[in-house]
Amino acid sequence: MPFFEEVELGDQVGPVEAIATDENVASFCDIWSPPTPNRFTDAETARQSGMEGPIVPGIMAMAMMAKLLTDWAGPDAIRDLDVVFRQPVPHNRPLNLEATITDLRQEDGLNIAECDILMLGSKGERHVGGKAIVSLPSRNL
């Protein structure tokens, strides 16, 4: 886990490669319980919705992005995660998750790192992008 004093503007978190497999998405949907059939697990329903195939649920994509940050900064670090979905996230393809530190500040007694965060396809397709606010511990405590 990084200390606030060790992080600099422009530092990268990741990249980390992840793959949302059909099995991962089905397990996620079993817990989440969206109505079925749905565009997340059923190829025909996805095609009827204009997709090439089943897609990763938005909240699952956000969870994958949050994991990048919590693996880096700890389980209680995320203060805010705000993303925009640019294009559907496909199953069974490599996804690159990365964040860049864009601001460092102390606010309300917290050491804040603000990040641009991205989920990219293996060919650079921008699936999801956004901003995250992360709280980091201080070395000086």
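The structure reproduced in this document is the subject of the present report. (Residues numbered from 1 in each chain as written. Predicted model: local features only at pLDDT ≥ 70, side-chain atom pairs only at ≥ 80, totals over all residues. Heavy atoms only, no water.)

1. Looking at the packing of aromatic side chains
Move 1: Across all of its chains, the model carries two aromatic pairs by this definition.
Move 2: Taken together, a centroid distance of 6.1 Å and an interplanar angle of 55° make the contact between Phe28 and Trp32 tilted. Taken together, the positions of Phe28 and Trp32, both in helix α1 (residues 22-32) and four residues apart, correspond to about one turn of that helix.
Move 3: Consider the rings of Trp32 and Phe40, whose centres lie 5.4 Å apart with planes at 50°: the pair is tilted.
Move 4: For Trp32, a relative accessible area of 35% corresponds to the partly exposed category.
Move 5: Assessed through its relative accessible area of 8%, Phe40 is described here as buried.
Move 6: What links up through ring pairs into an aromatic cluster is the set Phe28, Trp32 and Phe40. (Phe/Tyr/Trp six-rings, centres within 6.5 Å; stacked < 30°, edge-to-face > 60°. Helix = DSSP H or I, 4+ residues; strand = E, 2+ residues; numbered from the N terminus. Buried < 20%, exposed > 50% of the residue type's maximum accessible area, 1.4 Å probe, protein only.)

2. Regarding the sheet that holds strand β3 (residues 94-107)
Move 1: Spatially, β1-β3-β4-β5-β2 is the arrangement adopted by the five strands of the open sheet, whose pairing is antiparallel. Pairing within the sheet leaves two strands with one partner each, and these edge strands are β1 (12-19) and β2 (78-85). Strand-to-strand, the axes of this sheet are offset by a mean angle of 20°, without reference to chain direction.
Move 2: Bridging between β1 and β3 involves six bridges; their strand directions are antiparallel. Residue pairing for β3: Gln12 is matched across the bridge by Thr100. (Pairing = 2+ DSSP bridges. Axes fitted to C-alpha atoms, helices over the stretch in contact; angles between N-to-C directions.)

3. Examining unusual backbone geometry
Move 1: The residue after Gly14, namely Pro15, is reached through a cis peptide bond having omega 10°.
Move 2: Structurally, Pro15 is set in strand β1.
Move 3: In the segment running from Thr36 into Pro37, the intervening peptide bond is cis, with an omega of -5°.
Move 4: Looking at the element boundaries, Pro37 is found in the loop between α1 and α2 (43-48).

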